[in-house]
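Per-entry structural report
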Amino acid sequence: MPRLIHYLMRQKLIVSLLVILVFLGGFISLTHTNRETIPEVALDMVSITTIYPGASPSDAEELISIPIEKKLRKVNGIDKVRAYNVENVSVMVVYIEDSVRDKRKAVQDIKDAVEQVDNLPSKAQKPLVKEITTDTTELISVAFTGKTADVPYSRLREFANKSEDFFYDIDGVAEVEKFGYYDREYLVEVDPDKLDQYRIGMNTLIQTLQMRNIDFPGGALRAGQKEFVLRTKGQFRNADEIRNTVIMGNDTGNVTRIGDLAKVTDTYEEADTYRRFNGKPAVVFKLWKKKTADQIELSSRVTKALSGYSVAGYDDVDVTLFSSQSETTDRRIKSVLHEAVVGFIVLGIFMLLLIGRHMSALVLAGIPVSFMVTFIAMQYLGITFNIISLFGMIMVMG
């Protein structure tokens, strides 16, 4: 090592070229490293969510949580399991032991164990197993509101529905989370007097709706050298189709339709919570970014894309961006960088007073070089600029 140092001291040109290369590589890495508020964190937890319509908390525990817990006992590396049972939903959180080296295998073993549960109720949906991580980060929120107070909710929802793919088409957007976006429903209000008049039971009307509102594949049909794919498409598309659905008929051509017995309304599910923006009813989209996207740059692209965005026929709907997390990220990074500059200046003053002008200049000149090497390593290892990494660099500089 001493020989190498003495050799480099004599080869000033080589050292100068190396320093220039380090600065170029560091600068390129600096411009290509993503920025975000906090880094990705593996929480060593796995959530298991199972929806069971109509189930009480005790039913969800007995019929969903307990069978899954029995299968999870066979999995190695589990620290503890917490189950939260509420109406219609069973949520379980599995904690993985810190000593487990291969976390991915542990997560996969948990998924395989849940797949082996074969005694869940038939009406229960398939359990959703998901590792709890921070690989997606909140980016920005979008509010759809009416320009006037008399704009109906259906207009807001239709506009938002047409806009969902627009946001997904922006490179870097991982998920569009919707709030105040209620599912469409057809409300059938039956008149009891009409049921008595036509002598039709409620179960008959319900079965008619169930048998008519279906959409499923029927297999393949061969006709000579040709093959046709059969599919039954009978799901209701509007309220008129429901009204005109035949319940029963006779040989003379007289039929009884659902519209004769009930009032059918095209509406939306009943809201549990109401979303408002600036005092107006609203549909809100929360955009989440991918891990590989730069938070500040992506937010700028979303803002630019939305500035000229419109949907024909919806001039009565406003689109507003709010709660941009990139502003917080940018402000925090600038604050940390400001503190770094102040710390560098204070460090230079102290070194100048303690070790002299020439030695302090040499040491201070080496600090930017070491930071450029750090930027290259961060780019190679996939580390982003965030308050944690920047604080670490400031600590090292001190």
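Keep in mind it's a predicted model, so treat the numbers as computed, not measured.

Turning our eyes to something else, we now look at the packing of aromatic side chains. Within the structure shown, the criterion is met by 13 aromatic pairs. Measuring from centroid to centroid gives 5.3 Å for Y153 and Y268, while their planes differ by 85°, and the two rings are edge-to-face. Pair noted here: Y153 is in helix α5 (residues 153-168) and Y268 is in strand β12 (residues 262-268), with a separation of 115 residues, a long-range link. Of the residues examined, Y153 reaches a relative accessible area of 23% and is grouped as partly exposed. With a centroid separation of 6.2 Å and 75° between ring planes, the pair formed by F159 and Y309 is classed as edge-to-face. Here the residue F159 occupies a position in helix α5, and Y309 occupies one in the loop between α10 (295-307) and β15 (317-322), the gap between them amounting to 150 residues. Three or more aromatic residues link up through ring pairs in this structure, and these residues are F144, F159, F166, F167, Y181, F285, Y309 and Y314. Across from the ring centre of Y95, 4.9 Å away, lies the NZ or CZ of K80, which sits over that ring. Its guanidinium or amino end placed over the ring of Y181, R157 lies 4.4 Å from that ring's centre, counting from NZ or CZ.

The next subject is the packing of helix α11 (residues 325-355) against helix α12 (residues 357-381). At a closest axis distance of 7 Å, the pairing of α11 and α12 adopts a crossing angle of 150°. Between α11 and α12, the angle falls in the class roughly antiparallel. Between α11 and α12 lies a crossing of right-handed hand. Touching F344, L347, G348, M351, L352 and I355 of α11 are R357, M359, S360, V363, L364 and I367, all from α12. When grouped by side-chain class, the residues that make up the contact of α11 with α12 number nine nonpolar, two polar and one charged.

The sharpest bend along helix α3 (residues 57-72) reaches about 35° and sits at S65, with the proline P67 one to four residues further on. Of the positions making up α3, those classed as buried are A60, I64, S65, P67, I68 and L72.

Another point: the side chain of D294. Following the sequence through the fold, D294 ends up in the loop between β14 (280-289) and α10. Of the polar contacts made by the side chain of D294, one reaches the backbone nitrogen of I296; its length is 3.1 Å. Among the polar contacts made by the side chain of D294, one reaches the main-chain amide nitrogen of E297 at a distance of 2.8 Å.

We now examine the environment of E69. Checked against the element boundaries, E69 lands in helix α3. Taking relative accessible area as the criterion, E69 reaches 27% and is therefore assigned partly exposed. In this structure the C-alpha to C-alpha distance between E69 and I110, which are 41 residues apart in sequence, comes to 11 Å. Contact partners of E69, with chain neighbours within four places excluded, come to V81, A83 and M92.

With that out of the way, let us pick up α11. Between its first and last C-alpha atoms α11 spans 44 Å; for 31 residues at 1.5 Å apiece the expected length is 45 Å, and the two agree. Every buried residue belonging to α11 is among S326, T328, T329, I333, V336, A340, L347, G348 and M351, and all of these are buried. Backbone geometry just after α11 places G356 at a positive phi near 95°.

In globular proteins that are soluble, nonpolar side chains generally tend to be buried together. In this structure, F144, F167, F285 and L287 are the most contacted members of the largest nonpolar core, which totals 24 residues. Sequence-distant contacts of L287, that is, excluding residues within four places in its chain, are made with T137, E138, L139, I140, V142, F167, E175, V176 and V302. Of all hydrophobic cores here, the second largest spans 22 residues; its members include A55, V75, V107 and L120.

Glancing now at a negative patch on the surface. Side chains of D183, E185, E270 and D272 sit close together on the surface and give a patch of like negative charge. Here E270 lies in the loop between β12 and β13 (276-277).

Okay, unusual backbone geometry next. Among all residues except glycine, the phi angle is most often negative; among peptide bonds, the trans geometry is most common. Unlike most non-glycine residues, R199 shows phi in positive territory, near 55°. Within the secondary structure, R199 is located in the loop between α6 (192-198) and α7 (202-212). Phi is positive for N278, which is not a glycine, with a value near 55°. With respect to the helices and strands, the residue N278 is situated in the loop between β13 and β14. Given the relative accessible area of 67%, N278 is considered exposed.

Attention shifts here to the pattern of salt bridges. By the definition in use, this model includes twelve salt bridges. Salt-bridge contacts for K334 lead to D330; the nearest nitrogen and oxygen are separated by 3.2 Å. On the criterion of helical spacing, the pair formed by K334 and D330 is a turn pair, its members being four residues apart in helix α11. The network of salt bridges with shared partners includes R212, R237 and E241.

What counts, and where the lines are drawn
- Residues numbered from 1 in each chain as written.
- Predicted model: local features only at pLDDT ≥ 70, side-chain atom pairs only at ≥ 80, totals over all residues.
- Heavy atoms only, no water.
- Phe/Tyr/Trp six-rings, centres within 6.5 Å; stacked < 30°, edge-to-face > 60°.
- Helix = DSSP H or I, 4+ residues; strand = E, 2+ residues; numbered from the N terminus.
- Buried < 20%, exposed > 50% of the residue type's maximum accessible area, 1.4 Å probe, protein only.
- Lys NZ or Arg CZ within 6 Å of the ring centre and 35° of its normal.
- Axes fitted to C-alpha atoms, helices over the stretch in contact; angles between N-to-C directions.
- Parallel < 35°, antiparallel > 145°, perpendicular 65-115°, else oblique.
- Left-handed = near helix turned anticlockwise from the far one by under 90°.
- Contact = heavy atoms within 4.5 Å.
- Nonpolar A, V, L, I, M, F, W, Y, C, P; charged D, E, K, R; others polar.
- Bend = angle between axes of the 7 residues up to and from the residue.
- Polar contact = N/O pair within 3.5 Å; in protein donor to acceptor, adjacent residues only side chain to side chain.
- Expected span 1.5 Å × (residues − 1).
- Core = buried A, V, L, I, M, F, W, Y, C linked by side-chain atoms within 4.5 Å.
- Patch = residues over 30% accessible without salt bridge, like charges linked within 9 Å, V, L, I, M, F, W, Y side chains within 5 Å.
- Areas by Shrake-Rupley, 256 points an atom, 1.4 Å probe, with all protein chains shown as cover.
- Salt bridge = Lys/Arg side-chain N within 4 Å of Asp/Glu carboxyl O.
- Lys, Arg positive; Asp, Glu negative; His and termini not counted.
- Charge placed at Lys NZ, Arg CZ, Asp CG, Glu CD.

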